[in-house]
Structure formats: C-alpha cells, structure tokens
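# Analysis of the macromolecular model
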Amino acid sequence: MPNKTTAKARKASVKQRVQNESDAKINNEQKVEKVVDDTEDTDQSLLHTMSFNCECDNKSCTEIIQMSTDEYENVHRKPNNFVVVPSHVKLDIEKIVVKFSNFLIVEKFAVKD
Ligand SMILES: [Zn+2]
C-alpha cells in the first residue's frame, strides 16, 4: 500500500522545523548573554559585533550573520522573531518583517498543537 502523507505527519514536520529554529535561537541567546556578562564592566559593551548562527529551519545550516548584540537583542524582544540569511527564509512557516543587506528578520507563524 502506498503511504498516505497525512496532514498530521505534515504538521509534525513543520513543528520539527520550527523546533530547529528555536534551538538555533537559544544557542545565539546564550552567546549574547555570555558576551554581555563578559563586557558588563566596560564601556563598549552593547556595540559589540558578533557572529550569530542563521536561525533557519535547517538544523545543519552553518551560515553566519554579523550583527551587534544590541541589534540582536532588539530582534528577539519578540519571541516569534528570528534572524536568517536572505536565502534561507521559508515563507510557509514565517514572514519577512525587516530586510537588511546581510540578513532578514522574520516572524514565525504560530504553530498549533
Ligand atoms: Zn540557515
């Protein structure tokens, strides 16, 4: 019998992709916290430029985005916002909020259980 691709199976995979993005984001947030902690006593703390991992749905993505910790914290004030390289935006699970030359800020659609 051929395998039916059920709606349920498709939803699970979207969920997995969103989970991948969340994992990438947690990773980046931990990086920022570390840098902010390390530089707390210095004057240039918030203008630090860092390399962030692209937060797309591909778990093995290795693209790097350069932005300041300040910019990054701005993006992530909204829990559904993620940063991705322009070629990695997935319009079926997210929409573009702001475009920059080297990265995009996207907003993830809500995933219902
Ligand atoms: Zn990516």
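Scroll up for the structure.
In this report, we go over the structure that sits alongside the text. (Residues numbered from 1 in each chain as written. Predicted model: local features only at pLDDT ≥ 70, side-chain atom pairs only at ≥ 80, totals over all residues.)

## Observations regarding the overall build of the protein
Our working rule: Starting at the N terminus, helices and strands are each numbered in turn, a helix being any DSSP run of H or I of at least four residues and a strand any DSSP run of E of at least two. Exposed residues have 12 or fewer other C-beta atoms within 10 Å of their own C-beta, buried residues have 20 or more, and residues in between are partly exposed; the C-beta atoms are placed from the backbone.
A count of helices and strands for the protein gives two helices and five strands. Across the 113 residues that make up the protein, the buried fraction comes to 22%.

## Brief notes about the nonpolar core
In plain terms, the rule: The term nonpolar core refers to a set of buried Ala, Val, Leu, Ile, Met, Phe, Trp, Tyr and Cys residues connected through C-beta atoms within 7 Å. Contact between two residues is assigned whenever their backbone-derived C-beta positions fall within 7 Å.
Ile65, Val83, Val84, Phe103, Leu104, Ile105 and Val106 are the most contacted members of the largest nonpolar core, which has 13 residues in total. Elements with a contribution of two residues or more to this core: helix H2 (69-75), strand E3 (81-84) and strand E5 (104-108). The contacts of Ile65, once residues within four sequence positions are left out, are Phe52, Cys54, Val83, Val85, Asn102 and Phe103.

## So, the sheet that holds E3
As a reminder of what qualifies: Strands are treated as partners if at least two bridges between them are detected by DSSP. For helices, the fitted axis covers only the stretch in contact; all axes are lines through C-alpha atoms, and the angles between them, taken along N-to-C directions, range from 0 to 180 degrees.
The strand order across the open sheet formed by three strands is E3-E5-E4, and the pairing between neighbours is antiparallel. The open sheet is flanked by E3 and strand E4 (94-99), the only strands paired with a single partner. Direction aside, the axes of adjacent strands within the sheet are offset by 35° on average.

## As for the pairing of E4
Where a strand is regular, its side chains alternate between the two sheet faces. Alignment of E4 against E5, held across five bridges, turns out to be antiparallel. Each residue of the ladder has a partner; that of Glu94, found in E5, is Lys108. Taking the residues that link successive antiparallel strands as the turn, the E4-E5 hairpin has four residues.

## With respect to the environment of Asn53
Position of Asn53 among the secondary structure elements: in strand E1 (residues 49-53). The class of Asn53 is partly exposed, set by 19 C-beta atoms lying within 10 Å.

## Examining the environment of Phe82
Mapped onto the secondary structure, Phe82 falls in strand E3. Separated by 24 residues in sequence, Phe82 and Val106 place their C-alpha atoms 5.3 Å apart. Once residues within four sequence positions are removed from consideration, Phe82 is found in contact with Glu21, Lys25, Glu55, Val106 and Lys108.

## What to know about the environment of Lys90
Here Lys90 lies in the loop between E3 and E4. Residue classification places Lys90 among the partly exposed positions, given that 16 C-beta atoms sit within 10 Å. Counting along the chain gives 34 residues from Lys90 to Cys56, while the straight-line C-alpha distance between them is 7.9 Å. Discounting chain neighbours no more than four positions away, the residues touching Lys90 are Cys56 and Asp57.

That is the geometry; function is a separate question.
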